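# Observations on the three-dimensional arrangement
What follows is each chain in one-letter form.
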Amino acid sequence: MADLTITLLAGGVGGAKAAEGLAASQYASATSIIGNIADDDEFHGLWVSPDIDTLIYSLGDQIDRVQGWGRKNETHQVLKELNALGQNTWMTLGDLDLATHIYRTSQKAKGVSASEVTTALAKRHGVSVPILLPTNDVVQTRVKTPAGWLSFQEFFVREHCQPEVLDIEYKGASDAVATPEALAQITHSDIIVIAPSNPIVSIGAILAVPEIQQAIESSGAYVIAVSPLIGGKTIKGPADKMLESAGKSIDSNGIYASYASFLDALVIDTVDQEEATGLEQKGLDVLVTPTLMKTTEEKSDLLSSVVQFALTQSLSKQGARRAS
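Computed from a predicted model, the values in this text were never measured in an experiment.

Further remarks concern the overall build of the protein chain. Scanning the protein chain for helices and strands turns up 13 helices and 14 strands. Relative to its length of 324 residues, the protein chain is compact, with a C-alpha radius of gyration of 19 Å against a globular reference of 20 Å. Along the first, second and third principal axes, the C-alpha atoms of the protein chain reach 70 × 45 × 40 Å. Going through the 324 residues of the protein chain one by one, you find that 52% of them count as buried. Of the contacts formed within the protein chain by residues at least 6 apart in sequence, a portion of 68% connects residues at least 24 apart. With the model as given, the accessible surface of the protein chain reaches about 14300 Å², and the carbon-plus-sulfur share is 49%. Charge centroids of the protein chain, computed over 24 positive and 39 negative side chains, lie 3 Å from each other.

Here you go:
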C-alpha cells in the first residue's frame, strides 16, 4: 500500500462509519480524511465542531455507539446546571465533550489554526489516520425554512429536521481559503472515496470551499461515492429532504447528479440494484453490494470492497487507454 493514496470525503455519522471502515482495513496507512466543518457553531461561548469530533471520537473508539455522536460513558452535569440557570440546552453537550470544546475555543483564541487543533485532538484520542480540514476559515451551512434562515444545528437538532427546506447556503464559503494540506492530498490521490454522507450539507459544504472541487476534477484520481440511500430512504439524517430541496431525485440518480462533474463510480445497495443499468448508461461504473454498516467488520468489508473495485476499474481503464 506504500504507493497508494486514498482520500475520504466525510461528514456526519455515515462519514464516520466509512472512516472507521478504512481505518480497520488493509488500506488504513494509505488513507487520509477530509472532514466537514460547516456544521460548526458556537454554544455557551464555546466553538463546537460536530462532524470533526464525531470522526475523532469514532476513530478513537470514544463514540457513543447508541446515538452515533458524543462521547461514551458521558455525563451531563454541566448541561443540567446551565438548564437550571435558564440557558438553552437543546444542543446536548456532555461533560467530557465540553473539554474538547473548551480546548478548541481556547486554542482558537490564541490564534492556533483549526487544523492544528484537530491534529492535537486526534493525537489525544489515539487516531492514526490523518484528519484534514477543507479550510481553516469559518464556513457555516444555513437552511432556509418557511420561518426564515436557521443554522444547521438549529434545523437538525432543535427542530429535528421537521421544517420544509426551501434553500441551502454555505455562509462564508466564497471567501474561504482551502488548506494547502487538503489540496495537496486531493492532488496526489489515486482514489477519492465519497462517504455515504449527506451530499448537500456534508459533502456539498466541503465542495463549496473554493478550489476543492476544482482540485478533485483535475486530480486524475478515480472518484467513487457510496450512496447514503437504501431503497430511497436515508439511514440517518435529512439527506432525502435536502436532495428534494436541491431539485434532485431521492434515489441513486440524485446522488449521481450531486457529483456528476467528477464521479467515476457509484456504490449502491442491493435493494437498489434495478437502478444500476440506468447509472451505467450514464457512463458510471456501479458496484452493487450491501451498504448498511453496523459492525466494524461490515464497515471494513464495505470500504475494502469499495477500494478494491476502484483499483480494478481504474486499472482496467488505464489498460484500455494504452491499448487504444
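The next point concerns helix H5 (residues 114-124). Every buried residue of H5 is listed here: Ser 115, Val 117, Thr 118, Leu 121 and Ala 122. An end-on view of H5 places all buried positions within 160° of arc, on one side of the element. Facing away from the buried surface of H5 by more than 90 degrees, the exposed residues are Lys 123 and Arg 124. Where the residues of H5 are buried, they touch helix H2 (50-59), helix H4 (95-109) and strand E5 (131-132). In the stretch just after H5, Gly 126 is the one whose phi turns positive, near 70°.

Moving on, we get to H4. Between its first and last C-alpha atoms H4 spans 21 Å; for 15 residues at 1.5 Å apiece the expected length is 21 Å, and the two agree. For H4, the complete set of buried residues consists of Asp 97, Leu 98, Thr 100, His 101, Arg 104 and Gln 107. As for H4, its buried residues are in contact with strand E4 (46-48), H2, helix H3 (77-84) and H5. Positive phi shows up at Gly 111, right after H4, with a value of about 90°.

Quick look at the nonpolar core now. If you look at the biggest cluster of nonpolar residues, it comprises 88 residues, and the most contacted ones within it are Leu 8, Ile 33, Ile 212, Ile 216, Ile 224, Met 242 and Tyr 259. A per-element tally of this core places helix H13 (residues 296-323) first, with six residues. Of all hydrophobic cores here, the second largest spans six residues; its members include Phe 43, Leu 46, Leu 93 and Leu 98.

Definitions and cut-offs
- Residues numbered from 1 in each chain as written.
- Predicted model: local features only at pLDDT ≥ 70, side-chain atom pairs only at ≥ 80, totals over all residues.
- Heavy atoms only, no water.
- Helix = DSSP H or I, 4+ residues; strand = E, 2+ residues; numbered from the N terminus.
- Rg over C-alpha atoms; globule rule 2.2 N^0.38 Å.
- Buried < 20%, exposed > 50% of the residue type's maximum accessible area, 1.4 Å probe, protein only.
- Contact = heavy atoms within 4.5 Å.
- Areas by Shrake-Rupley, 256 points an atom, 1.4 Å probe, with all protein chains shown as cover.
- Lys, Arg positive; Asp, Glu negative; His and termini not counted.
- Charge placed at Lys NZ, Arg CZ, Asp CG, Glu CD.
- Arc of directions from axis to C-beta.
- Expected span 1.5 Å × (residues − 1).
- Core = buried A, V, L, I, M, F, W, Y, C linked by side-chain atoms within 4.5 Å.

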